[in-house]
Amino acid sequence: ALEPARRVAAVLRAGRAAATAAGADAETVLWALWQAGGLAERWREAALAPAPAPAPGPAAERAVPDPARADRDLDAVTALLDAAARFGRLFPGGDGARRFLHRQARAEVPEDTLADRAPDDAAVVLTTPQGAAGREWDVVVVAGVQEGVWPDLRLRGPVLGVQALVDVLAGRDPDGPGARRVVLEDELRLFHVAVSRAREELVVTAVRDGEEQPSSFVDLVAAVPGARSGDGDAPTAGARPVSLPALVARLRQVACAPAAAEDPRRRAAAAVRLAELAAAGVPGADPADWYGLQPVSDAGPVRAQGEVVVSPSEVETFERCGLRWFLESSGARPARPPGLSIGALVHRVAAQAPAAEAVELRRRLEELWPSLGLAPGWVSAAARERAGRMLDKLADYHRDALARGRRLLAVEAPFEVLVDGVRVRGRVDRLEADADGRPLVVDLKTGRTQPTRAEVQRHPQLGVYQLAVAAGAFGAAAEGGGALLVQLGGTQRAAPQQQQRPLAEDEDPRWAAQLLQRVAAGMAAGRFEAVVGPQCGTCPVLSSCPAHEAGRSVAAGGAR
C-alpha cells in the first residue's frame with residue numbers, strides 16, 4: 001500500500017537534487033523527474049500495444065491499458081520538455097526551473113497544442129502582411145485597421161542602420177520628416193499587400209468609439225468602386241452591449257454631445273432618462289459621479305513658496321512641456337530602456353576612471369557589463385561594442401583636455417545652492433579648470449542626437465550649471481569658463497565638444513537667470529500646460545495628455 005507513496009518520494013528527491021545541482025535549468029530538472037518516475041517504458045509499451053477489445057464494467061476498463069491515452073500522455077511529456085528547452089534558450093541563467101514553473105502557471109494560452117487539426121484546405125490562415133505576400137485566398141479579412149496602429153509611424157529601420165548611414169552621408173537628418181515619410185510609405189506598401197490577397201471578397205474592420213478611431217487607410221478602401229459599409233459611408237459601429245452600464249453610457253454620450261452634433265430633443269430625452277436612472281440609484285447616472293465634473297479640490301500651487309527644488313537636467317524638460325514634467329516627476333516614469341542603461345553604465349565607468357586610457361576603460365566595462373542583465377547574444381554584443389566605442393572617445397577626450405591645459409577638479413560632484421532665491425540641486429559629470437583656472441562644467445552625453453551650435457549657446461542645462469558655479473556650488477563663487485557638452489554617442493570617430501560660452505560673454509548675460517526664475521515659478525504653479533511638438537512622438541505619458549486624441553478624456557490644464 002505504501003509503494004505509490006515511495007515512488008512519489010523518489011521522484012521528489014530526484015527533482016530536488018537536480019534543482020540544486022550546478023547549472024540546473026528547467027529542462028534538466030524535468031528530465032530528472034521523468035526518469036525517476038519510471039513511466040517511460042510502461043507508457044511506450046501501452047502506446048504500441050493493439051487496441052483492447054471492449055470489456056464490460058469499469059473495473060475491466062481500468063485494468064486494460066489504453067494505447068490512445070498512453071500516446072497522448074507521451075506527447076504531453078514531450079511537449080513539456082520542448083517548452084522547457086525553449087525557455088532555457090530564451091532565458092538562460094540561474095533559478096530557471098522556478099521561473100519556468102511560474103511562467104507555465106501564469107500562461108493563459110498554451111505554447112503548443114496536441115489537438116487534432118483540420119485539413120489545410122478547411123482552416124483559417126492567420127498571418128501578417130509579410131507572410132501573405134505571394135499568396136491568395138477567396139476571402140481575406142484585414143482586422144484592426146485603427147489609427148495609431150496602422151499606419152504605425154514610429155521611426156525604425158534595419159538592425160544595422162543602413163538607412164541611417166545613407167541619410168548621414170547624404171546630409172539628411174535620420175530622424176527628420178523625410179524619415180517619417182519613408183515609414184509611411186512602408187506602411188502603405190504593407191497595407192497594399194494585405195488588401196490585394198483576396199480573389200473574391202475583402203473585409204476591412206475598424207472600431208470607432210470613445211477611445212479608438214479608424215485609420216485613414218480605411219478611407220482608401222472605402223473609395224474603391226463597389227466598396228460598401230454598414231451605413232453607406234462610414235465604418236460600421238460595433239454592437240453595443242445589452243447592459244445597464246452600456247445604456248447609461250449611451251445616454252450620457254447623447255446628453256453631453258455638442259448642440260450641433262445632436263438633436264436638442266434627443267439630448268433632453270436622454271437627460272430625463274438619466275434623471276430617472278439616477279433616482280433609482282443606478283451607478284453612473286447621477287452627474288455628481290461623472291469624472292471631470294467635480295470642482296477642483298485645490299486650485300492653489302502644487303508646492304508652497306520655497307519648496308521648489310530645480311534640477312538642471314529637468315529645466316529643458318519643463319520648457320518643452322510642463323505637463324510631461326509634472327506627470328513624470330509625480331511618478332509616471334517608464335521603465336529604463338536598455339539604451340539608457342548602457343548610457344548610465346558608461347557614466348559609471350567614466351566616474352571610476354576619470355583620466356584612464358581606452359584599454360583600462362574597456363576593462364572596467366567588461367567587469368560591469370553583467371550588471372545590466374542582458375541575455376547573451378548578438379544584441380548584447382552589439383550594445384557592448386557601442387559602449388566600448390563611447391569609452392574610446394572618452395579616452396580621446398581625456399588626452400585632448402590635458403593637451404588644452406585643463407585640470408580635473410571633480411567627477412560626479414553633487415551640489416545644492418541658492419540662485420536668486422531658487423534652490424538648485426544636481427550633479428555634474430566632470431568639473432575641470434580651464435587653462436585660465438576658471439571652473440568648467442563638462443556634461444557627458446551618450447545619446448545619438450546633438451544640438452546645433454546655436455542651441456548650445458542657449459542650452460538650459462548648461463546655463464543652470466553656470467549659474468550654480470557662479471553662486472558658489474563648488475566652493476567660492478567665481479566666474480566660470482563656460483560649460484561643455486562631450487558627445488560620446490554619435491557616429492563621429494572623435495567625440496564632438498560643444499562649448500557654451502561664459503554667461504558674462506553672452507549678448508544677454510541674464511538669459512539663464514531669467515530661464516531659471518520662469519521654470520521655478522512654473523514648477524510651483526497649479527496648472528501645467530501640454531505643449532504639442534516633436535517630443536510628443538516619444539512621450540511616455542501621451543495617454544494622459546488632453547492635447548492628443550489618446551488623452552482627450554483627461555480633465556487637465558490647458559493645451560497649446
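Residues numbered from 1 in each chain as written. Predicted model: local features only at pLDDT ≥ 70, side-chain atom pairs only at ≥ 80, totals over all residues. Heavy atoms only, no water.

### Thoughts on the overall build of the chain
Inclusion rule: Secondary structure follows DSSP: runs of H or I at least 4 residues long count as helices, runs of E at least 2 residues long count as strands, and numbering of each begins at the N terminus. Methods summary: accessible areas were calculated by the Shrake-Rupley approach with a probe of 1.4 Å, and residue burial reflects only the protein chains presented.
Across its full length, the chain carries 20 helices and eight strands. Of the roughly 34600 Å² of accessible surface on the chain, 56% is carried by carbon and sulfur atoms.

### Considerations on the pattern of salt bridges
Quick reminder of the rule: Every case where a carboxyl oxygen of Asp or Glu lies within 4 Å of a side-chain nitrogen of Lys or Arg is listed as a salt bridge. Any residue under 20% of the maximum accessible area for its type is buried, any over 50% is exposed, and the rest in between are partly exposed; the area is computed with a 1.4 Å probe on protein chains only.
Enumeration over the complete set of coordinates arrives at 32 salt bridges. As a salt-bridge pair, Glu3 and Arg6 come within 3.8 Å of each other at their nearest N and O atoms. One end of the pair, Glu3, and the other, Arg6, are both in helix α1 (residues 3-20), three residues apart, so they sit about a helical turn from each other. Residue Glu3 is classed as partly exposed on the basis of its relative accessible area of 40%. Connected via shared salt-bridge partners are Glu360, Arg363, Arg364 and Glu367.

### Details of the packing of aromatic side chains
Note the following rule: For this analysis, a ring pair means two rings from Phe, Tyr or Trp (six-membered ring only for Trp) whose centres lie within 6.5 Å, classed as stacked if their planes differ by under 30 degrees, edge-to-face if by over 60, and tilted for the remaining angles.
Here the structure, examined in full by the defined rule, presents seven aromatic pairs. Pairing Trp325 with Phe528 gives two aromatic rings, centres 6.0 Å apart and planes at 40 degrees, and the pair type is tilted. Linking Trp325 in helix α14 (residues 322-329) with Phe528 in the segment after α20 (511-523), this pair joins segments that are 203 residues apart in sequence. Chaining the aromatic ring pairs together yields one cluster made of Phe318, Trp325, Phe326 and Phe528.

### Describing the packing of helix α16 (residues 358-368) against helix α17 (residues 378-403)
Our working definition: An axis is simply a line fitted to the C-alpha atoms; with a helix, the fit covers only the stretch in contact. Between two such axes, the angle follows the N-to-C directions and lies from 0 to 180 degrees. Each helix crossing is assigned a hand: it is left-handed if the near helix lies turned anticlockwise from the far helix by less than a right angle, otherwise right-handed if that turn is clockwise. Here a residue-residue contact requires only that any non-hydrogen atoms of the pair lie within 4.5 Å.
With their axes 9 Å apart at the nearest point, α16 and α17 run at an angle of 145 degrees to one another. The crossing of α16 and α17 is right-handed. Seen from α16, the contacting residues are Ala358, Leu361, Arg362, Leu365 and Glu366; seen from α17, they are Arg384, Glu385, Ala387, Gly388, Arg389, Leu391, Asp392, Leu394, Ala395 and His398.

### Quick notes on the nonpolar core
Applicable threshold: Buried Ala, Val, Leu, Ile, Met, Phe, Trp, Tyr and Cys residues that are joined via side-chain atoms within 4.5 Å together make up what is termed a nonpolar core.
Val310, Phe415, Val424 and Leu516 are the most contacted members of the largest nonpolar core, which totals 35 residues. At the level of secondary structure, the elements contributing two or more residues to this core comprise α13 (312-320), β4 (407-419), β5 (422-433), α19 (460-470), β7 (483-487) and α20. For this core, the element with the highest residue contribution is α20, accounting for eight residues. Residues Val346, Ala353, Ala395 and Tyr397 belong to the second largest nonpolar core, which totals 26 residues.

### Points about unusual backbone geometry
One non-glycine residue, Glu412, lies in positive phi territory at about 45 degrees. Note on placement: Glu412 falls in strand β4. Glu412 gets classed as partly exposed once you look at its relative accessible area, which sits at 24%. One non-glycine residue, Asp420, lies in the positive phi region at around 50 degrees. Structurally, Asp420 can be placed in the loop between β4 and β5. Asp420 gets classed as exposed once you look at its relative accessible area, which sits at 52%.

### What to know about empty space enclosed by the protein
Rolled over the atoms, a probe sized like a water molecule indicates the empty space that remains. What counts, and what does not: Cavities and pockets are found on a 1 Å grid laid over the protein atoms alone: a cavity is a set of points where a 1.4 Å probe fits but cannot escape, a pocket is an open set with protein on both sides within 12 Å along at least five of seven lines, and a lining residue has an atom within 4 Å of such a point. Grid points are joined across faces, edges and corners, and a volume is the space filled by probe spheres set on the points. Throughout, the ten residues Ala, Val, Leu, Ile, Met, Phe, Trp, Tyr, Cys and Pro are labelled nonpolar, Asp, Glu, Lys and Arg are labelled charged, and all others, Gly among them, are labelled polar.
This model, assessed by the stated rule, comprises two cavities of 30 Å³ or more. As for the largest cavity, its lining consists of Cys321, Leu323, Arg324, Leu327, Val531, Gln535, Cys536, Cys539, Val541, Leu542 and Cys545. Among the residues making up the lining of the largest cavity, the classes are represented as nine nonpolar, one polar and one charged. Size it by volume and the second largest cavity reaches roughly 30 Å³. Lining the second largest cavity are His347, Ala350, Ala351, Val411, Glu412, Asp429, Arg430 and Leu444. Ranked by residues supplied to the lining of the second largest cavity, first place goes to helix α15 (residues 338-352) with three residues.

### Things to note about helix α12 (residues 264-279)
How we decide: Here a helix's expected span is defined as the number of its residues, less one, multiplied by 1.5 Å. This arc is built from the directions going out from the helix axis to the C-beta atoms. N or O atoms closer than or at 3.5 Å make up a polar contact, with two conditions inside protein: a donor-capable atom paired with an acceptor-capable one, and, for residues adjacent in sequence, both atoms drawn from side chains.
Its 16 residues give α12 an end-to-end C-alpha distance of 23 Å, which sits within 8% of 22 Å, the value for a rise of 1.5 Å per residue. Of the positions making up α12, those classed as buried are Ala270, Leu274 and Leu277. One side of α12 carries all its buried residues, which in axial view fall inside an arc of 60 degrees. Projecting away from the buried face of α12 at angles above 90 degrees are the exposed residues Pro264, Arg265 and Ala279. On its buried face, α12 is in contact with α11 (244-255). A distance of 2.8 Å separates the backbone nitrogen of Arg265 from a side-chain oxygen at the start of α12, and that oxygen is part of Asp263.

### Some words on the side chain of Thr446
Secondary-structure assignment places Thr446 in the loop between β6 (439-445) and α18 (453-457). Using a relative accessible area of 15% as the deciding quantity, one classes Thr446 as buried. The residues touching Thr446, leaving out its near neighbours within four places in the chain, are Gly343, Val346, His347, Arg386, Met390 and Gly489.

### Describing the pairing of β7
Here is the rule we go by: DSSP-based pairing: two strands are paired if at least 2 bridges between them are found.
In terms of burial, β7 is largely enclosed, as five of its five residues are buried. Residues Ala483, Leu485 and Gln487 line one face of β7 and the alternating positions Leu484 and Val486 line the opposite face, and both faces are buried. Two elements, β7 and strand β8 (residues 497-500), share four bridges in a ladder whose sense is antiparallel. Bridge assignment links Val486 to a residue of β8, and that residue is Gln497.

### Quick notes on the packing of α1 against helix α2 (residues 26-37)
Any two packed helices are characterised by the angle at which their axes cross and by the distance between the axes. The cut-off we apply is this: Each angle is binned into one of four classes, with values under 35 degrees roughly parallel, values over 145 roughly antiparallel, values of 65 to 115 roughly perpendicular, and all other values oblique.
Between α1 and α2, whose axes approach to 8 Å, the crossing angle comes to 155 degrees. Comparing their axes, α2 and α1 come out roughly antiparallel. Crossing angle aside, the handedness with which α1 passes α2 is right-handed. Facing Ala10, Val11, Ala14, Gly15, Ala18 and Ala19 of α1, the residues of α2 in contact are Thr28, Val29, Ala32, Leu33, Ala36 and Gly37. Taken together, the residues of the contact of α1 with α2 break down into nine nonpolar, three polar and no charged.

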